[in-house]
Amino acid sequence: MASLKYKKIVVVFKRTKYELDLETYGSIQSYKEVTKQNPEVFQRTWESHERQIRSRDHLKKHVFPNADFVFREDFDPEGGSEYDLVVAHGGDNHFTYVAHLVGNTHLIGCNSDPDSSVGALLGFTAEELGEAVRTNFKQTKVESWSLLDTEIIYPNGTKLRTVPAVCELSIRNNSPDLTSRFWISYLDKKEEQKCSGLLVYTGAGSTGWISSCFPKKFPPFSKHEPFFHIYSREIRVKSRETEFSLADFRALDQVEVISEMNGGLAVDSLTERHYPFPPYAKAMIRLSPEKLFVVVPLKRGESMQDLPYEIEQKRINGTVIVQIKGRMESGPLDRITQTILDEMVGADRKHLILDFSELRYISSLGIRMILDVKMNLQKRNKEMALVGVTSSILQVFHLLGLSNAFQFYPDREEALKSFEEPSNS
């Protein structure tokens, strides 16, 4: 695709946390006073701010010198149609916020601070985007992402259509201490459920809500698939014999949810996209006929011959060691899951070591798949350890809130010793 296609471009910025906090506290002195008990918080926020400002300046001076630049609160969705390309400069939440407004205009996600943000939905850094422009976008493609349409019908007959969801809908009680209660219907099935929240998600699903859904029947799926998934988080049952057919399923048609709670429906985890869902309100959820058109870099790994990662396996007695090299970011990542689980078949294979010492990058999707493996093994009373995890990759685990979900060791020898300890036997 040629860069000349994009004659009119707008870059939509997100204000940094430092900028927002400074507005709240009024001055740097007041801000520092608030954070004096934890000065490292202020320092971390300031350093991220500086990196994001440099990223903005790079886009303005070296990538899109003739583009329009606005902050998201000033981005007019009515005027968005005049642009050929919209660039969302920020994190995942900012990307989805902008995506709700662009219609059929092509969209690019640019990570404003890759040092501290995972950016599962973001295809480029500012420098990578500059390279894409210089090469006339030859190493990019346009993906068509599925969207979710939701119409809420309130008890008084009022109808409200939400913005299209790029990643997910979260339906739950407004009080985090109370159970979420609702009726859910799909095709010829209808169930009353109590859980900690209902999650409806597309293949772009990227947040911690989805990471917390375990055990889960289905592996991650492509952003353009003609279906979506439903998951009832921590479903409550009175009897162990109770079975729910609509607690974890794939939907190809409309799903109906009727509220039995003072609840809310959040689109893409955005506070600006939260809708009331009181008792007897009904949500009708379906795939949208519209698509989101996202410009992404061509990734290695779209064929078996050109995977972005390599896998090596070996066994030491009852321990399987799997080393993953390269980048876990794209391509058929589910093959990693299947390879590992295939290696762990057999009662004599009790422990798994994943060696990340030659892994250069892992996306949030990659970590979710590793978590899938861990949960699968736990159900079979098998243990897993991670070794050789670099500081940059460990940071991704921290950002997802999953660093405590795994056992980390510096090398294979330490992991093997841990399996030999009585407490781990």
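Residues numbered from 1 in each chain as written. Predicted model: local features only at pLDDT ≥ 70, side-chain atom pairs only at ≥ 80, totals over all residues. Heavy atoms only, no water.

Peer 1: Quick one: what's the story with the packing of helix α3 (residues 39-63) against helix α5 (residues 126-134), residue by residue and with numbers?
Peer 2: Relative orientation and spacing of two packed helices are given, respectively, by the angle between their axes and the distance between those axes. Two elements in contact, α3 and α5, have axes separated by 9 Å at closest approach and are oriented at 15°. Classified by the angle between their axes, α3 and α5 sit roughly parallel to one another. In this structure, the crossing between α3 and α5 has a hand that is right-handed. Between α3 and α5, the contacting residues are S55, H58, L59 and V63 on the first element and A126, E127, L129, G130 and V133 on the second. Residues that form the contact of α3 with α5 fall into these classes: five nonpolar, three polar and one charged. (Axes fitted to C-alpha atoms, helices over the stretch in contact; angles between N-to-C directions. Helix = DSSP H or I, 4+ residues; strand = E, 2+ residues; numbered from the N terminus. Parallel < 35°, antiparallel > 145°, perpendicular 65-115°, else oblique. Left-handed = near helix turned anticlockwise from the far one by under 90°. Contact = heavy atoms within 4.5 Å. Nonpolar A, V, L, I, M, F, W, Y, C, P; charged D, E, K, R; others polar.)

Peer 1: If you had to explain empty space enclosed by the protein to someone new, which residues and values would you point to?
Peer 2: Using the criterion set out here, one finds three cavities of 30 Å³ or more in the structure. Its volume calculated, the largest cavity comes out at about 120 Å³. Contributing to the lining of the largest cavity are 13 residues, with Y201, I210, P220, F221 and R368 lying nearest its centre. Classifying every residue of the lining of the largest cavity gives seven nonpolar, three polar and three charged. Residues from two domains meet in the lining of the largest cavity; each of domain 2 (146-291) and domain 3 (309-420) gives at least three. (1 Å grid on protein atoms, 1.4 Å probe; cavity = no way out; pocket = protein on both sides within 12 Å on 5 of 7 lines; lining within 4 Å. Points joined across faces, edges and corners; volume = space filled by probe spheres on them. Domains from an automatic or database assignment.)

Peer 1: Give a detailed account of α3, specifying residues and quantitative values.
Peer 2: With 25 residues, α3 extends 35 Å from end C-alpha to end C-alpha; this agrees with the ideal 36 Å at 1.5 Å per step. Taken residue by residue, α3 has F42, T45, S48, H49, Q52, S55, R56, H58, L59 and V63 as its buried positions. (Expected span 1.5 Å × (residues − 1). Buried < 20%, exposed > 50% of the residue type's maximum accessible area, 1.4 Å probe, protein only.)

Peer 1: Report on the environment of E256, specifying residues and quantitative values.
Peer 2: By the secondary structure assignment, E256 is in strand β14 (residues 255-259). Between the C-alpha atoms of E256 and S185, which are 71 residues apart in sequence, the distance is 5.0 Å. In this structure E256 touches W183, I184, S185, K282, A283 and M284, once residues within four positions along its chain are discounted.

Peer 1: Kindly report on the pairing of strand β3 (residues 85-90), identifying the contributing residues and their values.
Peer 2: Within β3, six of the six residues are buried, which leaves it mostly tucked inside the rest of the structure. Of the two faces of β3, the one holding L85, V87 and H89 and the one holding V86, A88 and G90 are both buried throughout. Both strand β1 (residues 9-13) and β3 contribute to a ladder of five bridges, which runs parallel. Each residue of the ladder has a partner; that of V11, found in β3, is V87. Here β3 runs beside strand β4 (residues 106-111); their pairing, made up of six bridges, is parallel. The residue bridging L85 from the neighbouring strand is H106, located in β4. Each parallel crossover has a hand, and the one from β3 via helix α4 (residues 92-99) to β4 is right-handed. (Pairing = 2+ DSSP bridges. Right-handed = clockwise from strand over helix to strand, strands pointing away.)

Peer 1: Tell me about the domain arrangement of the protein, and please be specific about residues and values.
Peer 2: Looking at the protein, the domain boundaries give domain 1 (9-138), domain 2 (146-291) and domain 3 (309-420). Placing the centre of domain 1 and that of domain 3 at their C-alpha centroids yields a distance of 33 Å. Contacts between domain 1 and domain 3 engage five residues on the former and five residues on the latter. Summing the contributions of domain 1 and of domain 3, the shared interface buries around 360 Å²; its carbon and sulfur component is 65%. Per-residue buried area on domain 1 facing domain 3 is highest for S116, V118 and A120; these three make up 89% of the total on that side. Scanning the region where domain 1 abuts domain 3 turns up zero salt bridges. Of the residues assigned to the side of domain 1 that touches domain 3, the class counts are two nonpolar, two polar and one charged. (Buried area = accessible area lost by both parts, 1.4 Å probe. Salt bridge = Lys/Arg side-chain N within 4 Å of Asp/Glu carboxyl O.)

Peer 1: Let's hear about unusual backbone geometry: which residues, and what values?
Peer 2: Notably, E234 is not glycine yet its phi reads approximately 50°, a positive angle. As for its placement among the helices and strands, E234 is situated in the loop between β12 (228-233) and β13 (248-251). By relative accessible area, which is 55% here, E234 ends up exposed.

Peer 1: I'd love a proper account of the confidence of the model for the protein, names of residues and values included.
Peer 2: When pLDDT is averaged along the protein, the result is 88, and 91% of the positions lie at 70 or above. The low-confidence segment residues 300-306 (pLDDT under 50) makes twelve contacts with residues lying over four places distant or belonging to another chain. (pLDDT = per-residue confidence, 0-100.)

Peer 1: Give me the lowdown on the packing of helix α1 (residues 17-25) against α3, citing residues and values where you can.
Peer 2: Where α1 meets α3, the axes come as close as 8 Å, and the angle between the chain directions of the two elements is 120°. Between α1 and α3, the angle falls in the class oblique. Taken together, the residues of α3 that come into contact with α1 (itself represented by K17, Y18 and E19) are F42, T45, W46, H49, I53 and R56. Residue composition of the contact of α1 with α3, grouped by class: four nonpolar, two polar and three charged.

Peer 1: Please provide a residue-by-residue account of the packing of aromatic side chains, values included.
Peer 2: Across all of its chains, the model carries 15 aromatic pairs by this definition. With 5.1 Å between their ring centres and 80° between their planes, Y31 and F42 make a pair best called edge-to-face. Of this pair, Y31 sits in helix α2 (residues 28-34) while F42 is found in helix α3, placing the two residues eleven residues apart along the sequence. On the accessibility criterion, F42 (10% relative accessible area) is buried. An aromatic cluster is built from Y18, Y25, Y31, F42 and W46, whose rings are joined through pairwise contacts. (Phe/Tyr/Trp six-rings, centres within 6.5 Å; stacked < 30°, edge-to-face > 60°.)

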